[in-house]
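# Working through the structure, step by step
One-letter residues, chain by chain:
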Amino acid sequence: MRDLRVTLVQSMLHWEDAKANRAMFSEKLASLKGTTDLVVLPEMFTTGFSMRSKELAETMDGATVMWMKEQADRLGAAIYGSVIIADGGNHFNRGLFVTPSGQVTGYDKRHLFRMAEEKDNYARGRERVVVDQGGWRILLQVCYDLRFPVFARNRGDYDAILYVANWPEAR
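Presented here is an overview of the structure given in this document. Values in this document were obtained by computation on a predicted structure and should not be read as measured data.

The rules behind these values
- Residues numbered from 1 in each chain as written.
- Predicted model: local features only at pLDDT ≥ 70, side-chain atom pairs only at ≥ 80, totals over all residues.
- Heavy atoms only, no water.
- Helix = DSSP H or I, 4+ residues; strand = E, 2+ residues; numbered from the N terminus.
- Rg over C-alpha atoms; globule rule 2.2 N^0.38 Å.
- Buried < 20%, exposed > 50% of the residue type's maximum accessible area, 1.4 Å probe, protein only.
- Contact = heavy atoms within 4.5 Å.
- Areas by Shrake-Rupley, 256 points an atom, 1.4 Å probe, with all protein chains shown as cover.
- Lys, Arg positive; Asp, Glu negative; His and termini not counted.
- Charge placed at Lys NZ, Arg CZ, Asp CG, Glu CD.
- Pairing = 2+ DSSP bridges.
- Axes fitted to C-alpha atoms, helices over the stretch in contact; angles between N-to-C directions.
- Core = buried A, V, L, I, M, F, W, Y, C linked by side-chain atoms within 4.5 Å.
- Phe/Tyr/Trp six-rings, centres within 6.5 Å; stacked < 30°, edge-to-face > 60°.

### Points about the overall build of the protein
Summing up its helical and strand segments, the protein has 4 helices and 8 strands in all. For 171 residues, the compact-globule estimate of 2.2 N^0.38 gives 16 Å, and the C-alpha radius of gyration of the protein, at 15 Å, lies within 12% of that figure. Split into buried and exposed, the 171 residues of the protein put 47% on the buried side. Looking at the protein alone, contacts between residues at least 24 apart form 61% of all its contacts between residues at least 6 apart. Of the roughly 8800 Å² of accessible surface on the protein, a fraction of 49% belongs to carbon and sulfur atoms. Positive and negative charge centroids in the protein, built from 23 and 22 side chains respectively, lie 4 Å apart.

### Quick word on the sheet that holds strand β3 (residues 78-87)
With mixed pairing, the 5 strands of this open sheet are ordered in space as β1-β2-β3-β4-β5. Of all the strands in the sheet, the pair left with one neighbour each is β1 (6-8) and β5 (104-108). Across this sheet, the average inter-strand angle for adjacent strands is 35°, counted without regard to direction. Bridge analysis of β3 against strand β4 (residues 90-98) gives 9 bridges, and the strand direction is antiparallel. Its bridge partner being in β4, Y80 is matched across the sheet by F97.

### Some words on the nonpolar core
One finds L29, V39, L41 and I79 to be the most contacted residues of the largest nonpolar core, which totals 19 residues. For this core, the secondary structure elements donating two or more residues are α1 (18-29), α3 (63-75), β3 and β4. It is α3 that provides the largest number of residues to this core, a total of 5 residues. Once residues lying within four places of it in the same chain are set aside, the contact partners of I79 are L29, L38, V39, L41, M68, Q71, A72, L96, F97 and V98.

### Points about the packing of aromatic side chains
Throughout the structure, instances matching the rule amount to 5 aromatic pairs. Between the aromatic rings of F25 and F45, the centroid separation amounts to 5.8 Å while the plane-to-plane angle is 85°, which identifies the pairing as edge-to-face. Taken together, the positions of F25 in helix α1 and F45 in the loop between β2 (38-40) and α2 (53-56) put the pair 20 residues apart, joining distant regions of the chain. Considered together, F25 and F45 belong to a single accessibility category, that of buried residues. Both rings, one in F45 and one in W67, keep their centres 5.8 Å apart while their planes meet at 40°; by these two values the pair is tilted. In this pair, F45 sits in the loop between β2 and α2 while W67 sits in helix α3, placing the two residues 22 residues apart along the sequence. We classify F45 as buried; its relative accessible area is 0%. On the basis of relative accessibility, which here comes to 8%, the residue W67 falls in the buried class. Through successive ring pairs, a cluster of aromatic residues spans F25, F45 and W67.

### Quick word on the sheet that holds strand β6 (residues 130-133)
On the basis of which strands lie adjacent, the open sheet formed by 3 strands has the order β6-β7-β8 and mixed pairing. Each having just a single partner strand, β6 and β8 (160-164) make up the two edges of the open sheet. The mean inter-strand angle of the sheet, taken between neighbouring strand axes irrespective of direction, is 35°. As judged from the 5 bridges shared by strand β7 (residues 136-142) and β8, these two strands associate in the parallel manner. Note on β8: the bridge partner recorded for L140 is L162.

Structure representation (structure tokens):
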């Protein structure tokens, strides 16, 4: 198995402003071409950790998914981050893993953070999702899933685990 070059991109977000956040991250990612195999963005990187799921949700063919495909292609690297997605009449905090070829794999956050009323504004995921990146099998997770390690237990099906998070400034 070859090395996997991972770039973590953390930034203050423009609250509930997907267009401004995509523009900001475009600038931050511009210099990464040829230097990384995987770019990791924060949880809800286009909006911040908002509970306004109905107003802010995008679809799987919306602007952010298209932006992620363009960025992955331009960089020649996969990108993972979560976005508010409307799908099948529900809203999800969906981790999106996008490859340079444009393949999109979604992981819906399983454990919703009740103290922030996430469970009242989002549907919980039910599927375990493992993706392949350069021969590495990667289990996808989102933030609060970290508090429930039994669900991330390695069953021999992954080599690495990847969590995206958006924690309060105090942490």
